[in-house]
Amino acid sequence: MALNSLSAVFNISSRARLLNCSFNFRQQHSEKMASSMKVVAVIVLVLFFWNYHMTWSSVYREGATTRDNDMRRLHKAEVKATCARTVRGASLFGCARIRELQTFSKVNMSSGVSAHDCVRRCQRMNFRFAATRHVSRTDCYCSSQADFSVMDKNCEKRREFLLYKFLGCRMKVPDSTCGLVCFDPLGTNPPVALASYPGSGNTWMRHVIELTTGVYTGSVYSAKGLYKAGFLGELRQCNDGSTIAIKDHNFPIWMRELNVGLNDIAKYNHTGAILLIRNPYDALISEYKRLVTNKHLGDIKAKDFSEDSWEVHVNKTEDQWRFLNTNYIKYISPLLVVHYEDLKRDARQQLWRVARFLNADHEFEIRINCVLRNQEGLFHRHSNSSFYSFTEEMRRRINSNIAEVSRLLTLYHHPDIPEQYKSSYTF
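Position numbers for residues count from 1 along each chain, tracking the sequence in the order it is written. Per-residue local features are limited, in this predicted model, to residues with pLDDT of at least 70; the limit for side-chain atom pairs, both in listing and counting, is 80 or more; totals at the level of whole chains, interfaces and linings are taken over all residues. Side-chain numbers come from the whole structure's heavy atoms, not from hydrogens or water.

*Asks:* Pulling in residues and values, what's your account of the overall build of the protein chain?
*Replies:* For the protein chain, the helix and strand inventory stands at 12 helices and 12 strands. Only protein chains enter the accessibility calculation, which uses a 1.4 Å probe. A residue is then buried if its area is under 20% of the maximum for its type, exposed if over 50%, and partly exposed in between. Residue burial in the protein chain is summarised as follows: out of 427 residues, 43% are buried. Contacts: residue pairs with any heavy atoms within 4.5 Å of one another. Excluding contacts between residues fewer than 6 apart, the proportion of contacts in the protein chain whose partners are at least 24 apart in sequence is 76%. For the protein chain, the exposed area adds up to about 23,500 Å²; of that, 55% sits on carbon and sulfur atoms. Each helix is a run of DSSP H or I of at least 4 residues and each strand a run of E of at least 2, with the numbering of both proceeding from the N terminus. What sets the accessible areas is the Shrake-Rupley method with a 1.4 Å probe; for residues, cover comes only from the shown protein chains.

*Asks:* How would you sum up the sheet that holds strand E11 (residues 273-277)? Please name residues and give values.
*Replies:* In spatial order, the strands read E9-E10-E8-E11-E12; together these 5 strands make up an open sheet with parallel pairing. Bordering the open sheet on either side are strand E9 (218-219) and strand E12 (335-339), each of which pairs with just one other strand. Strand pairing is defined by DSSP finding a minimum of two bridges between the two strands. In terms of strand pairing, E11 meets E12 through 5 bridges, oriented parallel. For Ile274, the partnering residue across the bridge sits in E12 and is Leu336. On top of the sheet, helix H3 (residues 202-213) reaches strand E8 (193-196), E9, strand E10 (246-248), E11 and E12; it is set at about 150° to E8, its chief contact. The angle between two axes is taken between their N-to-C directions and runs from 0 to 180 degrees, where each axis is a line fitted to C-alpha atoms and a helix contributes only its stretch in contact.

*Asks:* I'd like a description of the side chain of Thr326, backed by residues and values.
*Replies:* Note on placement: Thr326 falls in helix H7 (residues 307-331). With a relative accessible area of 4%, Thr326 lands in the buried category. Non-local contacts of Thr326, meaning those with residues more than four positions away in its chain, are made with Glu404, Val405 and Leu408.

*Asks:* Give a description of the state of the cysteines that names residues and reports values.
*Replies:* Note that a disulfide, as used here, is simply two cysteine sulfur atoms within 2.5 Å. Under the criterion given, the structure shown has 4 disulfides. Here Cys118 is linked by a disulfide to Cys140, with a sulfur-sulfur distance of 2.0 Å. Because the sign of the S-S torsion sets the handedness, a value of about 85° for the bond joining Cys118 and Cys140 places this disulfide among the right-handed ones. Separated by 22 residues along the polypeptide, Cys118 in helix H2 (residues 115-124) and Cys140 in strand E4 (residues 140-143) bring together distant segments of the chain. For the pair Cys118 and Cys140, one class covers both residues: buried. The disulfide partner of Cys122 is Cys142, and the S-S distance across this bridge is 1.8 Å. Torsion about the S-S bond of the Cys122 and Cys142 cystine: about -75°, corresponding to left-handed handedness. Here Cys122 is found in helix H2, whereas its partner Cys142 is found in strand E4, with 20 residues between them in sequence. Taken as a pair, Cys122 and Cys142 share a single burial class, namely buried.

Now the structure itself:
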């Protein structure tokens, strides 16, 4: 009896433990299930909101893409309509019959005159409009008044004239042969960089390019001082196609280890760049003067010269000259390399190369003598550099940079650095 009693107690105790374990297991399982359900609920909510966001984002992007495509098509249509039968510095304004040209003055020109010749002649005479016959192109008329009726731009009849309106023209120098500089119609020119290390004569080169081509240059910087000095393209949207070249000193050297900075110059790949290279010794001095005086034509007197700030400037920026030039040489095509020293020595030959590269050589022979007479401009610095010194370590680094750029110029079949680099300073 005692044994049976003990057995019964043991069975009851075992069942109690089993029930307790089962209860605990179910409780733990329920807690795990609840926790899992919470995770699933969170995931479901996240997926729901993500899907909701992506759906509306897709709709928005689709609408935005549609609007962007519509704007692009509209812009292309406007550019196509604007640039139809256009010439540099003028856009087609419309058509008119000869009886409507009462305010126009006839210009005596040789037979077979082109629209370009007619527009240029009227521009040089400070008129605002030009008209040339649609078919024969034997007559040229100029006017400064807009009191005439315009039909459309589809001139079909022999007696109709094409009317051209000049775009933002101004006399840059008091010489009628090359002094008139204009904007081109929007979308005319691809974005071509005029790239250089600061202090290499970029602003001076812009001056002679504008006189040579008759078209303003642009810039990525929007310097109001240069705009007031006559560089009217300085404040234009640099990629709107109305300027013939774009000033750019881009050298994101702090990103050079990752080559991230290459994205900033890649925008000129396939459209081209003119790379202006100057002796780095001279360029470093020129840029130091600009930084200290905050003026493009600023100069420093010997008493104001600081050896410490000069050394900091050289050590901080001498590598930028190499970085900018080597990356344009290696990664940008088409590329025209112009050496500042060659431009000073033989401006005619170098400007001929530039005009051909920009497809703006049609008036080169007419304008070049005028350009050479007025090439100095307002931003060609003359100064004394006798008190600027380079330590032996500075020269070693700068000469190494010159050697690297020279190697790449030869490798990529560009004109090598001038020999005078080697004689300008005692190495």
